[in-house]
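Chain and residue survey
Here is how the chains run, residue by residue.
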Amino acid sequence: ICALYDLALKNGAPVVGIFDCAGADIFEGTAALAAYSRIMKAVSMASGLIPQVALITGNCIGSFATIAAMFDFVIKTKSANFYVTAPAFAGTKDSQAPVTAFAADDHGMAVMYARNLLNYLPDKAGEGVAIEATADNLNCMLGNRDFGGDVNAAIAAIADNGIFFETAGDFAPVLTTAFATVGGVKCGFVGTSFMVDEGRITASAARKAAKFVDFCDAFSIPLITLVDSMGLAICDENENAP
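The notes below deal with the structure included here. From a predicted model like this one, the values you see are computed outputs, not experimental measurements.

Some words on the overall build of the protein chain
- Looking only at helices and strands, one finds eight helices and 10 strands in the protein chain.
- Relative to the 2.2 N^0.38 estimate, which gives 18 Å for 242 residues, the radius of gyration of the protein chain is 19 Å and therefore close to what a compact globule would have.
- Considering only C-alpha atoms, the protein chain reaches an extent of 70 × 45 × 30 Å along its principal axes.
- Relative to its 242 residues, the protein chain shows a buried fraction of 38%.

Written out as structure tokens, the structure reads:
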């Protein structure tokens, strides 16, 4: 795995990690733990230099869950086990839920999402943003349109041909993060939906936005921000957030 990372960094290629593992060989003891640390170092050193996509299709528990959470995007099947500490010990099933790009019904949907996501990502930092030919006209008149507080409708109005690719749609839905092309230029979108609790930001929504913005910044992806919000949410989640 570490050798693969060396090659990926040398050649400027994204890494897709497929996680379905019962864990380390217990008979290898501290040697297995040392191996985990080497993988963590490789993932950390590659952060911000090449895109990293985690595809979780089975068990991803303990140290492997920590490694997967370090990736830029996490895609999992709904039946996959993804946690550091078992829910029976943590107290609640979703107490450790990271920002998940997509929760798929099955393996095929997860793979398809990963393939489509990679189409919007550069191969490496410093490469620049790809420009695609488009028949859409940036100068078209939108008229007096009411989006009803739905930021996704606003993104569709801006994006070429109304097509955009949302990430983490099921996580903190008050805030949308998405990729699209605008005038043929691949861009990132961050926006709040007034129709969801009047666009009030929770700690989870802030974490989701921060991770997406950090990725766009690292890979020089232009970012479009749409704001329609009454400010911060007043809730237990925000008060107890680290």
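A word on the environment of Cys 216
- Along the chain, Cys 216 turns up in helix α7 (residues 203–218).
- Cys 216 sits 95 residues away from Leu 121 along the chain, and the two C-alpha atoms are 9.4 Å apart.
- The residues touching Cys 216, leaving out its near neighbours within four places in the chain, are Phe 179, Gly 188, Ile 221 and Leu 223.

Considerations on the pattern of salt bridges
- Summed over all chains, the structure comprises four salt bridges.
- Between Asp 105 and Lys 78 there is a salt bridge, and its shortest N-O distance comes to 2.9 Å. Within this pair, whereas Asp 105 is found in the loop between β6 (102–104) and α5 (107–120), its partner Lys 78 is found in the loop between β4 (73–77) and β5 (81–83), the two being separated by 27 residues in sequence.
- We note a salt bridge from Arg 200 to Glu 198, for which the minimum N-O separation is 2.6 Å.
- Taken together, the shared-partner salt bridges in this structure form one network comprising Asp 197, Glu 198 and Arg 200.

Quick look at unusual backbone geometry
- Within the chain, Ala 168 stands out as a residue other than glycine whose phi angle is a positive 55°.
- Summarising the element assignment, Ala 168 is placed in the loop between β7 (164–167) and β8 (175–182).
- Under the relative-accessibility criterion, Ala 168 is labelled buried at 3%.
- Of note, Ala 172 is a non-glycine position whose phi angle comes to about 50°, a positive value.
- Residue position: Ala 172 is located in the loop between β7 and β8.

So, the side chain of Gln 52
- One can find Gln 52 in strand β2 (residues 52–56).
- Judged by its relative accessible area of 1%, Gln 52 falls in the buried class.
- Among the polar contacts made by the side chain of Gln 52, one reaches the main-chain carbonyl oxygen of Val 43 at a distance of 3.2 Å.
- Discounting chain neighbours no more than four positions away, the residues touching Gln 52 are Tyr 5, Val 15, Val 43, Ala 46, Ser 47, Phe 71, Asp 72 and Phe 73.

What counts, and where the lines are drawn
Residues numbered from 1 in each chain as written. Predicted model: local features only at pLDDT ≥ 70, side-chain atom pairs only at ≥ 80, totals over all residues. Heavy atoms only, no water. Helix = DSSP H or I, 4+ residues; strand = E, 2+ residues; numbered from the N terminus. Rg over C-alpha atoms; globule rule 2.2 N^0.38 Å. Buried < 20%, exposed > 50% of the residue type's maximum accessible area, 1.4 Å probe, protein only. Contact = heavy atoms within 4.5 Å. Salt bridge = Lys/Arg side-chain N within 4 Å of Asp/Glu carboxyl O. Polar contact = N/O pair within 3.5 Å; in protein donor to acceptor, adjacent residues only side chain to side chain.

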